[in-house]
Amino acid sequence: MYQAYSKLLESSSVVCSCHGHLKNATEDNLVIAKHDILEVYSVKDETSQTMVLDCVYPMSAAVDDMQTVLFPGHSREFLVLAFAEAKLTVLYWDDEENGLKIKSLHLLEEPALANEREPVFETSPTVQLRVDPGGAGRPPQCLVLLVNKRFLFILPFARPVGSLDWGGSSGTAVAPKFPLERPGLIDLQAEMHLTGIRDIAFVDGYFRPTVMVLHEGEQTWSGRLRLALGDEGKIIEKKYLTMAASIVSLTISNGKIDSSHRPIASKLPYNTFSLVPLCYEPFGALILGSNTILHVSQDEQSAYGVHVNAYGKDELSSDPALQLPYGECTLKDSFGTPIPLNVQPGNTQSVPARLVLNLTGAKCVQLPGSEMHYFLALASGDVCGVKIVRNKQNGFVSDIHVRLIEGVMPLPCMPKPSTPMPSCPSPSTLCSLGKYLFVGSSSGDSMLLKRSDDVSKPLTFAKVLTLLNTGPIIDAALGDSSIDAKDQNDDTEVFPTPSLGVSSVVPIHLKSTIDRSFPERHASMEIVAATGRGKDGAVCILNKTVKPFTLCSHMMDSHACFAIRFAVNNKRKRDDDEKVPDSGYHNYLLITTGVSTMVMKAGKELAETDTPLLRQQTVYAASLIKDQVVVQVTKNQVLVCDVHDGLVAKQVTEVESQSLSPEVTVHQACHHETTTTLLMSDGTIRLAAASYVKEGDSNPTLGLDITVPKFPEHPHGFVTSISMCGVPINDPFYFPTADIKGTTTEQTILLTLGWSTGTIQIYNLHNWELLYTYNNMQALPGIATTDMPHNATGDSFIEDVWMGKVDSSDMWYHLAFVTSDDFLHTYRAYVYNGSLRWQKVGNSLVAGRRAEGTGPTVKLNEGPPKLKTRMSNGKVVSVFAETPLQARIQDFSNIFGNEGIFIRTARGGLWGFSERGHIRLHEMARMAPVKSMTPLNITCCKAGFALATANGLKIMQLTWHKRMNFKAPWPTRKILLRSSPHKIAFDGHHRTYTLVVSTEQSFKPTKTAFDSEADAFLTETEAESRMKEVPPTEGVPIPTNGRFELLLYSAYSWKPFTCVVLKENEQVLTFSSIQLTKDPLAALRASMPNLPGLQTQKEVITLQVCGTGFPVAEDIPCRGRIILLRVRVGRTRDDRVLEIEHELQTKGPVTAINASEGHIFAAVAGKIHVYSYEWNKKKLSLVAWCDVKMYTTSLSFMKHYVLVADMYSSVQVLRWSEISRTLTVLAKDTNKTPSTACNFQSEKGTLGMVCCDDYGNITTFCYDPTLSTTLLQPLSDIHINTVVNKMLRLRTFLPPMVGDSDTVQPGNQTALLFGTKGGALCILQSVAESTHRDLHWLYSKMVTDLEHFAGLHPRASRKFKGRRLRRPDPKNRRSVILDMQLLSKFADLPHETQEQLTNAAGFGSRQRAIATLLSLRQEVNYL
């Protein structure tokens, strides 16, 4: 079996963040690490976009930590990345390439670390990077890296050349070539006896670089935390205070590093976990614990602490030897007077309200300002403000004020805050950027907050924007949300306005109801993922493609369509006395057929009408001058219409040919404001300017002036496409050489020309100045000189070009063009040294052609334009194109409230949206070749569009869901649950999703579902009688546990139907949707066996099966239940009810469950039980069982083979025999690998077993029954840097034939789709041997010949991590899983580099390599 790994959806969970002056010394940049992707933002104030995405930097390994550093001798900061295997990469911003580049790479390969390197991956490796901030009159000198919570690497900064210190005081000092010197190593455990290190931080106020280390002063465990007993059974000591803090002083001199350490605080609470250094006097650091906030000064002369609950008070007062003053933490108004609350009604005595918080996992950052304010974000989503109060006499800390800003109040007597904060996610990182604060989250949507300018309100924030996060993906299901006939009367439709129907004859009539007789022309498969936890819990509906909904469709010969609108003078009463439509609605729809134009009036119906518009074949139509003028362009004429008194034709002008040839016609047109540019078939340009002319005292009349611009001749072949855009005159950043002197308008108009030789030219229409010329695209990266040959020497040229802003609120100008080989290239403009540069963004996409062997190649524009010449007296008089090239790219506005660009293709189209300046391209689901698209906003189709396709005219809406986000990497709809999701399953028969969630409630420890003494389950009444709730002790956080529920949702509208609440302390461990067969005549056949005519009938019924457990206490055996649930129709046709069909008590937790061949397989307490469900008796009968390992995490089936994954003992394969009803172990893997998920994968006649472990590895096993061994043979493996929780098996499909969009050809291979904790969606495909062989050689050449991001070796990053006794044979090529993340970059390389790689790999040609890569992507394109 040969396999390929690729990532379909990039990670979105924010792991860490930092800020610094990367691009220049004045602009602050925010850097976000999303697992293995870096995003660099420019934070701008008082602009349309606060955060502008400057750069996306993908890598092959996950970032553990990062910091910005200002190295000596430099004016801008560098970015230092830290990776798990003690690797550091230094990046800097390159202005010339407008992106990040590598400065240096540091591999800390020390012998002591090498001995500890292997086991570190069994304990979730993490590294901590800290940078010396300087202080006490000294510059920063070094950075440190903590590895394995034991080894401290010190990397000194390189001194500037010609300077004796790090400050570079000498006037001749030059920045060094490499920023870091040789590192030093300190083994904190062996040399300083510091163990159990939890955090490190540089502290200010010292003459030398000083690191504070938070570590365990006395190693302990949970059993010793409460107390320790003496010989007589008396309590002699409470083990609350086991942590300590020490400082490590570093001396760096002449390449030598000396260190010394001393303890600074001891007997700290055992649950302290974080250090927050103070940048002002009295310096030192804040130490955060779960129940306390402590301050330890640098000189050990002062210390102070507060407790945030009663547990913290007990911790701080438990040891008389602890010389640490502490105070009551109360709710205070604006960090001042405590808020008094009456204890009882009528009691005049009042006490301050206590603050009851749990700080476990909290993040804290200091806010800029003169006072010491800190922003504290809790894991629960609550937000607190912390203020350090100093004694004015000695400067010591005298008080720590904590204020709850936002969140659920722990005590009902507390008042709500006067200025509530926006709901914050569970934080993973905090970053303060002046008045802005970034809250990054790995479980919820990250957000950017803006601090109030009011000094009296230092902790008042407003939410500016959010960043979508689809992770961590806990569970996922494949579903189908296409609208069925049963949803016709659904009241939950997003668009309540009348929708479109279709009649059988022309004209097309719009009806008030949806005509659902036309099926959807594309697959509506979607991925629904359960993500997040707690208040960040949500459901994400992910679509790989844009799936528009067809409102009406009509079979007609449509070549193009144009929607026009105009503003009617409301003061004049119309003859038909109809209500004047809003200016935002379109009035007419022009449909161009083969020889003529149909004009359809838009309203409650779309019917053909008589208008002054021309009935000839329309090339272009639009509204000008703020919808006051309508222009229509045919092949030989231009019509302008005035709309002040209705649609009235004012002037029809013939388009004259410069060569006086009657065969020269208009091929393309575009407009901007009052000017329409015409592209003639002879390659010349015409400008049609519409304007109002006033003669005397009469009203102004509308006129049209067509001119022939006289721009210089250029030997660039033939003009194939044109594009126009407006640029404000006060925008010199992108177009600094534009000559706009003498113009009276507020903006200049730029005309972009695409030539057959690959040249792109940009002109200023005000004076026809040539601003920029790109000959053969040499100025654009990724395009070589030989890429765009002339028609006589090749078949590739620029087919269409477009330039402008994708979104009007963007700050970036983009350039997009389609070549005749159907590749789409997108670029972004930037300025370097006063000249305009273009940076390639996104991947090159195939815009129309199919892969080889998947069907005929159909292009929308067949080949180069066919040229004709007209001779006169033996000389060439004119050259013109016989076949026109239709425009492929067009911009749009107000389609579902979005702006963007649309690229028509042979498979439908590509939708381009802008997310903070970054283009997101989404492919439209399978559809016939699109010839034209126009936005259509009418009463019955708000914010929709019309498509002219090969199968007729379609009027569509982009989606039915209002909250669908198209600016995300995938079209995504996120539904917040405010509870923790665990499992999800799809019922295809009823079109419903069943979701398992848990909500936090007060823990009731004495309520058990099983009585161990009586060896029987308790009834509800007996359990309730034994239940005792935890008393609400004042100041004590009430312990909570999750109450599990089963929620049923509609797959279309996500309307909640019903809820099933499970028992107290019962947890759902596994959940799946199964199908069982039922014979409805089985009972009758058993009672009357001799009755003739009773044949066996089978009915497939979908059930939901749930496995639970009751983890109550260590001394009580854990029991469980198997629950069968069934979805039934409720009281109304549209209602659904989830009912319990049957339940079975088990003597152990049910950890995994699935069904195959009519039987239910359940993993119960180290055994696999096989059950048969008796429909007549509604009873589960045990028919077989088999002993397996300790804790089964996953069960997968392939016919009668069962794959079992264990938490501690890898995987094993079993075989089920239906005849003998036995379950037999065939083979197993003997490695002690913690497996999280498993599944089968097939390729023709080969069957493989794929296993994911807790180290981030994916291993494929094979079983050979001919061998005598019972061991699974490891076939291949790959490391993906994250943990997989769920794997879905898909069947690959061959792409359909062009024009036949209703059918797909199923392939004979399977693919595995899985979600990760980082929010990414990955796929493991099986590929053919020949494809694997070719791509393997290409992959090897790309690994050795290309420069890689962050200096990370792709092959080393994908190497198996952890310990394994048996590994795949490295000499066998089959053991290599292709990394498509690297191979996907092949299409963006320069063509010279592509040719070199393919020749060295023996691939033949780069076109063949691209077609091979495309075929793999299209196999799963039905998603």
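Residues numbered from 1 in each chain as written. Predicted model: local features only at pLDDT ≥ 70, side-chain atom pairs only at ≥ 80, totals over all residues. Heavy atoms only, no water.

Draft legend 1. The arrangement of the sheet that holds strand 41 (residues 597-601) in detail. If you trace the four strands from one edge of the open sheet to the other, you get 39-40-41-42, paired in antiparallel fashion. This sheet does not close on itself; its edge strands, each paired only once, are strand 39 (560-564) and strand 42 (607-608). (Pairing = 2+ DSSP bridges. Helix = DSSP H or I, 4+ residues; strand = E, 2+ residues; numbered from the N terminus.)

Draft legend 2. Looking closely at the packing of helix 9 (residues 1391-1401) against helix 10 (residues 1406-1418). The N-to-C vectors of helix 9 and helix 10 enclose an angle of 85°; their axes lie 9 Å apart at closest approach. Classified by the interaxial angle, the pair formed by helix 9 and helix 10 is roughly perpendicular. Packed against helix 9, whose contacting residues are His 1391, Gln 1394, Glu 1395 and Thr 1398, the element helix 10 presents Arg 1406, Ala 1409 and Ile 1410 at the interface. In terms of residue class, the contact of helix 9 with helix 10 is made up of two nonpolar, three polar and two charged. (Axes fitted to C-alpha atoms, helices over the stretch in contact; angles between N-to-C directions. Parallel < 35°, antiparallel > 145°, perpendicular 65-115°, else oblique. Contact = heavy atoms within 4.5 Å. Nonpolar A, V, L, I, M, F, W, Y, C, P; charged D, E, K, R; others polar.)

Draft legend 3. Just the packing of helix 6 (residues 1329-1345) against helix 10, in detail. Orientation of helix 6 relative to helix 10, taken along the N-to-C sense of each, is 120°, at an axis distance of 11 Å. When the axes of helix 6 and helix 10 are compared, the pair comes out oblique. The hand of the helix 6/helix 10 crossing is left-handed. Here helix 6 contributes Thr 1331, Asp 1334, Leu 1335 and Leu 1338 to the contact with helix 10, which in turn contributes Arg 1408, Ala 1409, Thr 1412, Leu 1413 and Leu 1416. Among the residues forming the contact of helix 6 with helix 10, the class breakdown is five nonpolar, two polar and two charged. (Left-handed = near helix turned anticlockwise from the far one by under 90°.)

Draft legend 4. Representation of the pairing of strand 4 (residues 37-43) in the model. Along strand 4, seven of the seven residues are buried, which leaves the element largely enclosed by surrounding structure. With six bridges joining them, strand 3 (residues 29-34) and strand 4 adopt antiparallel strand pairing. Each residue of the ladder has a partner; that of Lys 34, found in strand 4, is Ile 37. The loop that links strand 3 with its antiparallel partner strand 4 comprises two residues; one of these, His 35, has a positive phi angle of about 65°. With seven bridges connecting them, strand 4 and strand 5 (residues 51-58) associate as antiparallel partners. Following the sheet pairing, Val 43 is matched in strand 5 by Met 51. (Buried < 20%, exposed > 50% of the residue type's maximum accessible area, 1.4 Å probe, protein only.)

Draft legend 5. Broad picture of the sheet that holds strand 50 (residues 701-707). Spatially, four strands are ordered 47-48-49-50 in an open sheet, and the strand pairing comes out antiparallel. Both outer strands of the open sheet, strand 47 (666-672) and strand 50, are each paired with one neighbouring strand and no more. The average angle at which neighbouring strand axes cross in this sheet is 20°, direction not considered.

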